[in-house]
Structures are given as C-alpha cells and as structure tokens.
Amino acid sequence: NVVPVVKDANKNGIVDGSDFVYLIFGMRRGGNSYYALDVTNKYAPRLMWQANYPEMGESWSSPVVAKVNIGVAQNPDNAVVILGGGYDTANDTDTFSATPDGVGAGIHMLDLATGAELWRAGADGGADLQLSTMTRSMPNEIRTIDFSGDGYADRMYASDMGGQVWRFDITNGQPPATLVAGGVIARIGAEGMISPGPADTRRFYTSPDVSLFMDNVQDKRYIAVSIGSGYRAHPFDLKAVDHFFSFRDPDVFNKLTQAEYDSYNIATIGDLVEVAGKKQVVINPTDRGWKFILPPNQKVLSDSITFNNEVYFVAFSPDSNAAATCAAGKGTNFLYRVSVINGDPVVNNLDTLDPADADAARRTTLQQGGIAPAPTILFPSPDDPNCTGEDCAPPPIYCVGVECGDPGFANNPVRTLWTQDGIE
C-alpha cells in the first residue's frame, strides 16, 4: 500500500509553513525495499530515501507511521515508520519447514525523515530486542496503538507465517535496548509442533484486528485480537483447516516486562472455544477466546474490522476448477458478521434461531469474484453541505469493495481515546 503522511501543524487544511506530505510504499513481489517520496510540492516530487536492510524480506508490510520517542537522534516530530520484516518466498512452498525463514522475521522502526533504522526486533544478536522465537517472516501490517492518548505509540500487535500472534509494549523515552518488550501471545499454526500436518499449517497473511470490549457476563474488559488464517500465496490450496480466531488479551492497560513475556502462557488452538454450529456460547474466565472453524474450502485472505462490538470479515472459497484453468477470478466470497464477544451471528432472532442455522446466519454471499478486499465502515457526509445538525448525516454503511450494506446502527462517529477509569 502507498501510505500518505501529512503534517498540518496549524490544522488549517493547507500545506504551508513547516507542513509536508510524504508517500511511503514497498514493492511486494517486486523487491525488498521501501521508498519515501516528498510530494509537498506536487509539481516537483523528490525521493527522500530508500531503505533495504539485510534482514528484510519482500516488502509486503504496509507502513505504519507513528510517534515513538527513542533515546537516539530523531527527526523533530519523533515520527517513525514501523514495518513488519517482510515475506520470505520459502513460504510459497505449501509444506511447513522446520528451518527458520531466512528473511523477514522481525520488526523495524525507521526514522521518517531519513529512513535510518532506529530500532529492530529479531532473533539475531544484532537486534535491539532479541527474541529467539522470532523465526517466521512477518509480511503484515503491524497494528500500532496509543492507549494513553498522549500521541505516542505504546502497544503493537503482529502476526507471522508460523500462525503466531505477537504483542509488544513500548516505553517511550528509553534507548533502543530497553525501548520495547514483547513476545508470542498465541500460537495456532504449525510453529512449535513437532510434526505438523497439512491441516495444521495455518498461515497469517492478515494483520491482527485489535478492539476493546466489555464482557458483561464476567464484568471485565478485554482486548480482542481477531484474525483469520488462509494461504494467500496459493489461494487454490485447500490442505489447511482454516479458522477465524478472536483471542482475549486480559492485560488491557498493563505493560508487561520482558521477563513476563518470556514466561507468557501462550494460547493455543485448544484454549479457544469453538462456536461453529452453536449460538450464545459462554466464554469462561479460563478460556482464551473463541474460534470459528470455517466451512470446507473457505479461507480468510484479507483483514477483518471490528466496529460496535461486531467483527466483519470475508472468507474466500476458490472455484474447484479455477486452478486447472488459471481462472484467478473464479471463486465465491462470503461476508461474515459476528459478535466480538462470542462469535454469535448478528441477527434479530438470535433467541429463537436454531443452532443448526447459526453458521448460515453468520454470513452473506457476495457477488464479486476473485479475492475480495477487507471490509470497511463508512460515514457518508450530509447531502446538503449547509446542514450541520446531527440529523443531517446519512446513516453509516459497511462496504466490501463496491458492495455495501446497512450495519444497523445510526450513531455518528465519536472519537474515543484508550483510557482507563478506575483500577483493574
């Protein structure tokens, strides 16, 4: 993805004074580099930097620009570009290898202005955060969050080709060696298994979808880390038994130390409650979340989005003859809409719904072929630009590509900061 970075210091909607507009992008299958263009003067764009570090794989990870205060020389805005290490083409082979990936197993923070590497996580001795288990490439966007609302990133979540989910805590103002603590919090693929079979080889080509929710039964808040598995490099491959997962991170506002990460009780697929073919499943305090085994031949190849305590994700089912005929556009997409709390279908008749019909109630068949994009929630502007009241705005809609629908709520968007009231 091409990621725009806009600085509008006085928020007047005009690029003037010290304001700037940059574009950051990678090459995906085209190479291992990232580029930054200065397009502040659209008539005279210039290349700011090109970054290609030895540990990087193919540059698939969508750049995330955030503010992180690192105890080294930085640009005046403390702006960094956060990147997953990239894709190792070893994963183009459908058999899971016990050999660690050669490239891409890591996370990088680059200076926005220069492209200089300020911090890196990896398994090798040269990494600022050395994690011996970080051996699988990370081609996905790193979910980066500011929980405190001070403008600086303090939490990251990531996924990898071994079917693992990672969490990291940032302590701003620290030097690179102590800036970040982190580790694996969930492992549901072939990584860590002695002899994984094809059905176990679940890969994450998608990024963690992170949301905060309240479990009223437990009277406790959790972070939901939701993600689906699917072999995007070979969308016709049907060997893996793919799922959609929603892990529960109970340490909402607590920073973990590196010692706590090193001894973390990693969630496995057996720790998650199956909700397929069921409804109104109760997730107990000892459960680590829920899982939904996808119907045969379905896989998740794009990111999910959680809004209003509902998770939207798309599963793709390839046409059985498409691989033989090279008809890449053949296949069926299904939009799933489920509760983030327990995976229930979002329907009006949940109490009377037959559990045998729950899976069908969770999904809608889309008309588009090929691999559908990720769902998004849109808030259209008023038809009348002079109308300023709350009743002027059209209702929100959800869209997957050009196919849109009514999410069933009418509230206008309100900015909500990650804050903590009371003590947990």
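Along every chain, residues carry numbers that run from 1 in the direction the sequence is written. Local features in this predicted model are restricted to residues whose pLDDT is 70 or higher, and side-chain atom pairs enter the listing and the counts only when it is 80 or higher, whereas totals over whole chains, interfaces and linings include all residues. Heavy atoms from the whole structure form the basis of all side-chain values; hydrogens and water molecules are not counted.

Quick word on the overall build of the protein chain
A count of helical and extended segments in the protein chain gives three helices and 27 strands. Taken over C-alpha atoms, the radius of gyration comes to 22 Å for the protein chain, in line with the 22 Å a tight globule of 424 residues would show. The principal-axis extents of the C-alpha atoms in the protein chain amount to approximately 65 × 60 × 55 Å. Whether a residue is buried, partly exposed or exposed follows from its accessible area with a 1.4 Å probe, protein chains only, as a fraction of its type maximum: under 20%, in between, or over 50%, in that order. Looking at the protein chain as a whole, 50% of its 424 residues are labelled buried. Secondary structure elements follow DSSP: runs of H or I no shorter than four residues count as helices, runs of E no shorter than two count as strands, and numbering proceeds from the N terminus. Here the globule rule is a power law, 2.2 Å times the number of residues to the power 0.38, and the radius of gyration is based on C-alpha atoms.

Regarding the sheet that holds strand β4 (residues 46–51)
Two strands make a pair as long as DSSP finds a minimum of two bridges between them. Here four strands make up an open sheet; going across it, the order is β1-β2-β3-β4 and the pairing antiparallel. Each edge of the open sheet carries a strand with a single partner, namely β1 (3–7) and β4. On average, each strand axis in the sheet is inclined to that of its neighbour by 20 degrees, with strand direction left out of account. Here strand β2 (residues 20–25) runs beside strand β3 (residues 34–38); their pairing, made up of four bridges, is antiparallel. Bridge pairing in β3 links L23 to L37. Orientation is described by lines fitted to C-alpha atoms, with helices fitted over the stretch in contact, and by angles between N-to-C directions that extend from 0 to 180 degrees.

Examining the environment of F25
With respect to the helices and strands, F25 occurs in strand β2. In the structure, F25 is positioned 264 residues away from G289 in sequence and 34 Å away in space, judged by C-alpha atoms. In contact with F25, not counting residues within four places along its chain, are N1, V2, S33, Y34, Y35, L37 and P63. We call two residues in contact whenever any of their non-hydrogen atoms come within 4.5 Å of each other.

With respect to the state of the cysteines
Sulfur atoms of two cysteines make up a disulfide when they are within 2.5 Å. With the rule as written, the count across this model stands at one disulfide. Residue C399 pairs covalently with C404 via a disulfide, S to S 2.0 Å. Residues C399 and C404 are joined through a disulfide that is right-handed, its torsion about the S-S bond being 105 degrees. Owing to a relative accessible area of 5%, C399 belongs among the buried residues under this scheme. On the basis of relative accessible area, C404 is assigned to the partly exposed category, the value being 46%.

Remarks on unusual backbone geometry
Look at D219: it is not a glycine, yet its phi comes out positive at around 55 degrees. Turning to its location among the elements, D219 is positioned in the loop between β14 (209–215) and β15 (220–228). Here Q280, not a glycine, exhibits a phi torsion of approximately 50 degrees, which is positive. By the secondary structure assignment, Q280 is in the loop between β18 (273–274) and β19 (289–293).

Quick notes on the sheet that holds strand β26 (residues 397–400)
Read across the open sheet, the three strands follow the order β25-β26-β27; overall the sheet is antiparallel. Looking along the sheet, the strands with just one partner apiece sit at the ends: β25 (376–378) and β27 (403–405). Each strand axis lies, on average, 30 degrees off the axis of its neighbour in the sheet, ignoring direction.

So, the environment of I14
Within the secondary structure, I14 is located in the loop between β1 and β2. In sequence terms I14 and T133 are 119 residues apart; their C-alpha atoms lie 47 Å from each other. When sequence neighbours within four positions are dropped, the list of residues in contact with I14 reads D8 and D19.

Topic: the nonpolar core
Take the buried residues of types Ala, Val, Leu, Ile, Met, Phe, Trp, Tyr and Cys, join any two whose side-chain atoms come within 4.5 Å, and each joined set is a nonpolar core. Residues I82, I107, M109, W119, M156, F168 and V180 are the most contacted members of the largest nonpolar core, which totals 25 residues. When contributions to this core are tallied by element, the ones reaching two or more residues are β5 (64–67), β6 (79–84), β7 (107–111), β8 (117–122), β11 (155–159), β12 (164–170) and β13 (180–187). In this structure M156 touches I82, M109, W119, I142, R143, T144, W166, R167, F168, I170 and V180, once residues within four positions along its chain are discounted. Ranked by size, the runner-up nonpolar core spans 22 residues in total, among them I145, Y157, A181 and I185.

With respect to the environment of D101
One can find D101 in the loop between β6 and β7. Excluding residues that lie within four positions of it along the chain, D101 makes contacts with D88, N91, T135, R136, S137 and M161. Under this definition, polar contacts are N or O atom pairs within 3.5 Å; protein pairs additionally need one hydrogen-donor-capable and one acceptor-capable atom, and for neighbouring residues in sequence, both atoms have to be side-chain atoms. Within the local environment of D101, its side chain forms a polar contact with the backbone nitrogen of S137, the two atoms lying 2.8 Å apart.

A look at the confidence of the model for the protein chain
Confidence scores here are pLDDT values: one per residue, from the predictor, ranging 0 to 100. Taken over all residues, the pLDDT of the protein chain has a mean of 92, while the share at 70 or more is 94%. Counting interchain partners and residues more than four positions distant, the pLDDT-below-50 stretch residues 419–424 has nine contacts.

So, the pairing of β15
In the case of a regular strand, side chains alternate between the two sheet surfaces. Here β15 lies mainly inside the structure; eight of its nine residues are buried. Sheet analysis places β14 next to β15, joined by seven bridges and oriented antiparallel. Bridge pairing in β15 links S211 to A224. Both β15 and strand β16 (residues 243–249) contribute to a ladder of six bridges, which runs antiparallel.

What to know about the packing of aromatic side chains
To describe a pair of aromatic rings, one takes the distance between the centres and the angle between the planes. The rule is short: rings of Phe, Tyr and Trp, with Trp giving its six-membered ring, pair when the centres are within 6.5 Å, and they are stacked under 30 degrees, edge-to-face over 60, tilted in between. According to the stated counting rule, one finds 17 aromatic pairs in the structure shown. Through pairs of rings, three or more aromatic residues link up here, namely F244, W290, F292, F313 and Y336. The ring of Y231 is capped by R203, whose NZ or CZ atom sits 4.1 Å from the centre of that ring. The ring of F334 has R363 lying over it, and the distance from NZ or CZ to the ring centre is 5.7 Å. Charges are assigned to positions over rings by a cutoff of 6 Å between ring centre and Lys NZ or Arg CZ, combined with an angular limit of 35 degrees from the ring normal.

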